Structure formats: C-alpha cells, structure tokens
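Below, each chain spelled out in residue letters.
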Amino acid sequence: MTKATPPLARRVPHEHRHHNVTVQDPYAWLRAGNWQEVMQKPETLDPEIRAYLEAENAYYEARFGAPTAPLQEAIYKEIRGRIKEDDSGVPSPDGDWAYNSRMLEGRQYPLIVRAPRLGGAEQVLLDCNVEAGEDYFGFAGASHDPSHRILAWAADRAGSEYYDIVLRDLDTGIDREEVIRETAGSYVWANDSSALYYTEYDDNHRPFRIRRHDLGTAQETDPVIYEEKDPGFFVGVGKTLSNRFIVIDAHDHQTSEVWLIDAEAGGAPRLVAARQVDREYEVDERDGVLYIRTNADGAEDYKIVTVDAEAPGAENWRDLVPHRPGTLVLDVALLKHHMLRLEREDGLPRIVARDLRSGAEDVVRFEEEAYSLGMATGYEFDSTVFRLTYSSPTTPSQVFDFDLATGQRVLLKTQEVPSGHDPADYETRRLFARAQDGEEVPVTLLYRKGLVRDGSNPTLLYGYGAYGMSMPAAFSVSVLSLVDRGFVYAIAHVRGGMEKGYRWYRLGRREHKTNTFTDFIAAAEMLVQEGFTQKGRIVAQGGSAGGMLMGAIANLRPDLWGGIIAQVPFVDVLNTMLDDSLPLTPPEWPEWGNPIASAEDYARIAAYAPYEAVSAQAYPPIFALAGLTDPRVTYWEPAKWVAKLRATKQGDAPLYLKTNMGAGHAGASGRFDRLKETAQCYAFAIKSAGLEF
C-alpha cells in the first residue's frame, strides 16, 4: 500500500448484545486495552493501532496536506497577520499589585506578570515559553496566593488533562521542589496561604475528590476533604470573591450539590442543599448571605434566591430575582454593594447591575443585530468596578471597565488587527430558519458587504448543539480568511444550546436529540432558499459533540454538503455510552440517556449514532481530526468512524483522518500551532467548495 492509497482497517469479529439486540463491531479493536496508560504515555499505544493511525496520517498528507500546502501556508500567514503578537491583557488590581498576562512576538505561550499598582517596574512571574520547551504544554493558568509571595501554576504535558501544580517563590523566582502531581487542574488557596485545595481524578479519569495540600508536606499525606461516591458526578473547587468560603461543587449535566468550607478556619465541608434530581444551583456570598442561581421550583430559565449562610437549606430560599420565562439568567457575580447578572433575552445578552442597598438596576446592552457580551469581577470584592467584554462578527473585541458608582464606562482596550480590518467592509445578519416542527432556528451570518445573493456563494455552516452551550456571535480573526475569499460564514444556533433559553436546550437532548440535526439541516436549506448559497457549496463544521452533529447530518442529508469538517467528533455514541469505564460516560447519561439500563434509550441512540448509521450511500468529502491523548472524545471514535466509512460508502469523494499523535481534545497547545490546524480545516473547506487556489 502506498501513501496515496486509502488505508483499510482490518476487520476483527466482535459483537455486543444489549436488550436482546446483537451488534457487530468489527473495528472495536482500535480501542486500546491500555487506553488509560496511553493518555499519559502515548508511546505505549499498541503498534498495530499506531500503524493504522500513522497510515491515515500519511494518506492525508500525500493526498491533501502536501498538495494544499501553499494554500495552508497562505491562510496561516493571513490569520497570524491579524494577531498582534506582542499583545497584553488589561491589568487586574489586587492589593498593592496589578496582575496581567502578555504575549511576545513570535512566542506561543503567555507571560504572567505583575507591576506595583501605583506604578513601577513590571515583574515577570512566569514565562510559559521557557517552561513549555518543545513538547505539548497545556497551561491551566496561574494563581497567586493571598500574601502575594507564592505563585501556583499548573500544566499538562501530554494533552491528557493530568495537571501538575508547581509552586513558585515570587521573592526568588525559583520553583519549590514540592509539586502536586496528576491533579484534575482546579485549585484554590486557603486565606492564610498555608494550603491549596485541589481536585483529583479517580482511576477512570473523573474528578471525584478534593484534597488539601498543606505547604511543606508530602503529597501522599494530603487529607481528603471531600470524595464523590457517584461516578456520574464530577467535582470542582472554587472560592467566593468575598473570600468567606471555599466552594465544592458536585454535579452532572442536570443536578448539582454545593458544600462550603470556611476559608479562614478550614474544617469539614458543610452542605448547602442536598442534591435533588434535575435541580441545579450555584452559590456566591455577601455579608453572611448566600446568593444562589437556581432552576428550583420550575424556574426553567433560572432565578436568583437568597438564604442565610448559617441555615442554607432549600426550605429557606427566598426569591430575589424571580423566574421570568424567556429571560435566561446565565451568570451571577457579587461585589460588596452590587450584584451583576448576565442574561439572554430574545437571543441577545445583556448585563443587569443591581445596587443591593437600594435595589436600583442598570442595564448594559449594545445595539448590533448579533453580538457577544461577557463580564468579570477581577480579584477585589470591595470594588464598584466590573469588567465587560464585547464583540460582534464584524467588531473586534473591546474591554471596558464599568464603574457602578458613577455609571462611567471606560474603554480600556480594543483588539488590534495589525494587517488591517474595517468593520464597514462586512455585514452581520441574524436570520431564522423554520424547523420541520415550526420552531424558528437563529442563524448568525457574516459576509463581505455587497455580496450578491445569486445562490453561488460558498458557505461554511458551523454548529454544536449540546450541553446547553450557546455559540457566541463573536469576532474571529480566523474566519475572515474564508469571508475575504467570498464565503458566507454562518453559525446555526440549533437546539441543544441555550440561545433561546433553557427550553431550547431541553428540546435538543435525550429523546429530542434529533432536533439538533434537523435544525442544522433547516439552517442550510434556509441559506439556499434565501439565495446565499446552493446545495454542494455548503461546508459543514463542528467539533466534539458538534462533531457528532457532523456525523449525523452526513448520514441524513449527504446531498446538501460540499464537505464536512469533523473535529474530535463524538461519533461512536452508542458504544461510548455503553462503556461505563470511560471518563465521561456516567456523567453523560443525563444528556444522552443510559443505554445500559434503558432499552428505550438504547434504541433511540442506536438509531442516530453516526457510527451505527453509516450506510452504503455516496458521502460528501469528509475531514476528521483526532487527538491521541484525548480523554473526552477518545481517538478511536473518529478512527472507527472513518474505517467504517471507507469500507461502506459509495463514490470516490475524499475521506481523510488526521490524528495528532501528541495532543488531546484541544489540539495543538501553542497559539501558532493551533492556527496551522485551522488553516488545514479552511483549506479543506475552500477545496470542497470548489474554489480555485
């Protein structure tokens, strides 16, 4: 077999039987028996599996990578030219210091820095470029202690999401010998700087335990503070901005439970409200009162309640911001005298600031047809200033400080595009596609002004549609490389996200999952009907759960697409949901259903699962990307899918699988290396849409 010949994976008899249904799975052998070891030590992968993945990589390179290398390089240079390489964030004050991150020209990773708040020389606390070396470097952030003398920073060096926490003495700049190994990546400081609370994985890579590391002691002696017994629940650790409580959160996708630890005195965690199926809640604190965002009592779009921190049970919760159907409360943040809430109404975000002394409210909103809005509170609780970020598909990101005492909004930074960008050259639209059941699906469009709607325009249609995650209508320096070549760039805000409230999410999961797929198809058909494009010139793109969407729409309507880009695609849904040893399977059952316990769930997932539904039909060109050390969508999902497609599909449309043999779910770790992966995808889109290059 030459590199220009498509690899054919060996078929090995394998079957599984559930609910009196027997299924043949001849590519199950691609799942390494030692997959947990492979996550941390990729070199231990079975040689036959490695040979197959490398053969696919070689085939991709020979048939597509090398022939399109000039186009990929051109796109890469364009995108990189839109990035201000020597860029800096906006400083965040904390006590006597202001902390920040900076990027240097030509470097892949950030510098963590600080400067005296009242002026003085900047101090480089951590240069991630030095720490990264030449290998994978997944930086999980840095956190200075309350005394400002120690910096804790965390990194994953394989893409497997095992993070080592390193402690750096800020007086000397030297890392301590004590390293907290193989954590799940979240951690917070005790108020007296004497200890760190951190998360730990179980044997199946699930964050299930909170430990406390007392500085100067051995990790193996770290006491267990909380341990989750339900494999369907993940745990995390955080801290209220008031510094009153360490917050332990246990949750799956539909249910949550919170425990609090006094951040000054320590001690055992104290339960807020016992978990109740389908009830979610999040906790913050001010002046001994807990402020809780929750969907309790049928508040589908969430409400805000308050309760005394000393008697926090749900029976004592009292509404502060009642539930308003159609107005989704996305986030809540507290300052000493103010409460901020981020909401989405009619598909657009807004920030509402309430003075907790008077009850008066101010609303922050913008006027574009589609935009993205975010908020942050920084390090300091006793402040009247919060930070907001704004962008739209045409408008580069802007960072503002909003002073709640004066009402003044100060523009601190506008994203620079060194190669030039004029928003007036582009147009952003928000249209609606009529789904087959009558629902109106929002679709955000970006294209160059003056575009002629004669049906000839190539289009990239992006979708996700899971876990309630909404796709922001934000600025991207990358997509301009398509738009400037005549593409329409579109995002289909399909059910499964929360663009139109929690109901929009509910109608795109479990028994309603196929709405996600048919919504995406409806968005494509609307773009054809409105003259933006035509069948065969639409390239579909999605990743992870959005990659499952790609597999589903490839099976359902292969005629619509000029090409499909499936990044780390969750396509082997049935087999993954049947394997309760995998990291995400038990926590995912509320999202997809439990095919082990329920024959109904089994039948429903089997009917739409992309891998199961591959059939002998002509498929469009498909480009699948995977990461060998990915613990979220394991490498064998796209590998099995592509193997089955090769053996089953009709026609000669290109089919490529590219596995990053040294990275996980997020792909390459460096900012420029990630751009190269984007350039590969966009080159595939351009070629699939029939453009000359």
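What you see is a predicted model; the values in this text were computed from it and never measured. (Residues numbered from 1 in each chain as written. Predicted model: local features only at pLDDT ≥ 70, side-chain atom pairs only at ≥ 80, totals over all residues. Heavy atoms only, no water.)

**Student:** Can you tell me about the overall build of the chain, naming the residues and giving the values?
**Tutor:** When helices and strands are tallied, the chain shows 14 helices and 37 strands. Computed over C-alpha atoms, the radius of gyration of the chain comes to 25 Å, within 12% of the 26 Å expected from 2.2 N^0.38 for 693 residues, which places it in the range of a compact globule. Taking the principal axes of the C-alpha coordinates as reference, the chain spans close to 65 × 55 × 50 Å. Taking as baseline every contact in the chain between residues at least 6 positions apart, the subset at least 24 positions apart corresponds to 56%. (Helix = DSSP H or I, 4+ residues; strand = E, 2+ residues; numbered from the N terminus. Rg over C-alpha atoms; globule rule 2.2 N^0.38 Å. Contact = heavy atoms within 4.5 Å.)

**Student:** I'd like a rundown of the sheet that holds strand β21 (residues 318-321), residues and numbers included.
**Tutor:** If you walk across this open sheet you meet the four strands as β18-β19-β20-β21, and the pairing is antiparallel. The sheet terminates laterally at β18 (281-286) and β21, the two strands that pair on one side only. Between one strand axis and the next, the sheet turns by 35° as a mean value, whatever way the strands run. Pairing of strand β19 (residues 289-294) with strand β20 (residues 303-308) involves six bridges; the strand directions are antiparallel. Each bridged residue has a counterpart across the sheet, and for Y291 the counterpart in β20 is T306. (Pairing = 2+ DSSP bridges. Axes fitted to C-alpha atoms, helices over the stretch in contact; angles between N-to-C directions.)

**Student:** Can you tell me about helix α7 (residues 514-529), naming the residues and giving the values?
**Tutor:** Helix length check: α7, at 16 residues, gives a terminal C-alpha distance of 22 Å against a target of 22 Å (1.5 Å per residue), a fit within 8%. In terms of burial, α7 is largely enclosed, as twelve of its 16 residues are buried. All buried positions along α7 are accounted for by N515, T516, F517, T518, D519, F520, I521, A522, A523, A524, M526 and L527. Two residues or fewer past α7, G531 is found with a positive phi of approximately 85°. (Expected span 1.5 Å × (residues − 1). Buried < 20%, exposed > 50% of the residue type's maximum accessible area, 1.4 Å probe, protein only.)

**Student:** Please provide a residue-by-residue account of the pattern of salt bridges, values included.
**Tutor:** Counting across every chain of the model gives 56 salt bridges. For R604, the salt bridge identified is with D601, shortest N-O distance 2.8 Å. With R604 and D601 both in helix α11 (residues 599-608), this residue pair falls three residues apart, about one helical turn. By the burial criterion, R604 is buried, and D601 matches it. Overlapping salt bridges bring together R324, R341, E343, E345, R350, R354 and E361 as one network. (Salt bridge = Lys/Arg side-chain N within 4 Å of Asp/Glu carboxyl O.)

**Student:** Would you mind going over the sheet that holds strand β10 (residues 174-189) in detail, with residue names and values included?
**Tutor:** Spatially, the seven strands line up as an open sheet ordered β7-β8-β9-β10-β11-β12-β13, and their pairing is antiparallel. Among the strands making up the open sheet, the edge pair consists of β7 (138-144) and β13 (224-227). Direction aside, the axes of adjacent strands within the sheet are offset by 30° on average. With five bridges joining them, strand β9 (residues 163-169) and β10 adopt antiparallel strand pairing.

**Student:** Now, about the packing of aromatic side chains: what can you tell me, with residues and values included?
**Tutor:** Evaluation of the coordinates by the stated rule reveals 29 aromatic pairs. On the basis of an interplanar angle of 65° and a centroid distance of 6.3 Å, the ring pair of W35 and W636 is categorised as edge-to-face. In this pair, W35 sits in helix α1 (residues 35-40) while W636 sits in helix α13 (residues 636-648), placing the two residues 601 residues apart along the sequence. We classify W35 as buried; its relative accessible area is 4%. Look at W636 and you get buried, because its relative accessible area is 3%. Plain terms: the ring middles of Y60 and Y656 are 6.0 Å apart, the flat faces sit at 80° to each other, and that makes the pair edge-to-face. Of this pair, Y60 sits in helix α2 (residues 47-65) while Y656 sits in strand β37 (residues 655-660), and the two are 596 residues apart along the sequence. (Phe/Tyr/Trp six-rings, centres within 6.5 Å; stacked < 30°, edge-to-face > 60°.)

**Student:** Describe the nonpolar core, and please don't skip the residues or the numbers.
**Tutor:** With 118 residues, the main nonpolar core has L53, L461, F520 and W561 as its most contacted residues. Ranked by residue count, the leading element in this core is helix α14 (residues 671-688), at nine residues. Those residues within four positions of F520 in sequence are excluded, and the remaining contacts are L461, Y462, G463, A492, V494, A540, L549, M550, I553 and W561. (Core = buried A, V, L, I, M, F, W, Y, C linked by side-chain atoms within 4.5 Å.)

**Student:** Hey, could you go over the environment of Y198 for me, with residue numbers and the actual values?
**Tutor:** Of note, Y198 is situated in strand β11 (residues 195-201). At 2.7 Å, the side chain of Y198 forms a polar contact with the side chain of D222. (Polar contact = N/O pair within 3.5 Å; in protein donor to acceptor, adjacent residues only side chain to side chain.)

**Student:** Account for the environment of T444, with residues named and values stated.
**Tutor:** Here T444 shows up in strand β31 (residues 440-448). For T444, a relative accessible area of 2% corresponds to the buried category. Through-space distance from the C-alpha of T444 to that of A370 is 7.1 Å; in sequence the pair is 74 residues apart. Setting aside chain neighbours within four positions, we find T444 in contact with A370, P393, T428, R429, R430, A473, Y489, A490, I491 and H493. A polar atom in the side chain of T444 sits 2.7 Å from the side chain of H493.

**Student:** Go over unusual backbone geometry with me, naming the residues and quoting the values.
**Tutor:** Despite not being glycine, H19 has its phi angle at roughly 50°, a positive value. The residue H19 is located in the loop between β1 (15-18) and β2 (21-24) in this model. Take H19: its relative accessible area is 30%, and that puts it in the partly exposed class. Positioned with a positive phi, Y302 is a non-glycine residue whose angle comes to about 75°. Among the secondary structure elements, Y302 is positioned in the loop between β19 and β20. For Y302, a relative accessible area of 3% gives the class buried.

**Student:** Just give me the short version of the packing of helix α3 (residues 69-81) against α14, but keep the residues and values in it.
**Tutor:** Two elements in contact, α3 and α14, have axes separated by 8 Å at closest approach and are oriented at 125°. As the angle between them shows, α3 and α14 are arranged oblique. The handedness of the crossing between α3 and α14 comes out as right-handed. For the pair α3 and α14, the contacting residues are L71, Q72, I75, Y76, I79 and R80 in the first and F672, L675, K676, T678, A679, Q680, Y682, A683 and I686 in the second. (Parallel < 35°, antiparallel > 145°, perpendicular 65-115°, else oblique. Left-handed = near helix turned anticlockwise from the far one by under 90°.)

**Student:** Residues and numbers for the side chain of N191, please.
**Tutor:** On the secondary structure map, N191 appears in the loop between β10 and β11. A polar atom in the side chain of N191 sits 2.7 Å from the side chain of K239. From its side chain, N191 meets the backbone oxygen of N243 in a polar contact 2.8 Å long. Apart from the residues lying within four places of it in its own chain, the contact partners of N191 are P146, K239, N243, A263 and E264.

**Student:** Tell me about the pairing of strand β5 (residues 111-116), residues and numbers included.
**Tutor:** Most of β5 is tucked away, with five of its six residues classed as buried. As judged from the six bridges shared by strand β4 (residues 97-102) and β5, these two strands associate in the antiparallel manner. Bridge pairing in β5 places R102 opposite L111. The sheet contact formed by β5 and strand β6 (residues 123-127) spans four bridges and is antiparallel. What sits directly across from L111, in β6, is D127. Where β5 hands over to β6, the hairpin turn is made up of six residues, of which G119 adopts a positive phi near 110°.

**Student:** Tell me what's going on with α14, and back it up with residues and numbers.
**Tutor:** The first and last C-alpha atoms of α14 sit 26 Å apart over 18 residues, in line with the 26 Å expected at 1.5 Å per residue. G690, located one to two residues past α14, shows a positive phi value of around 85°.

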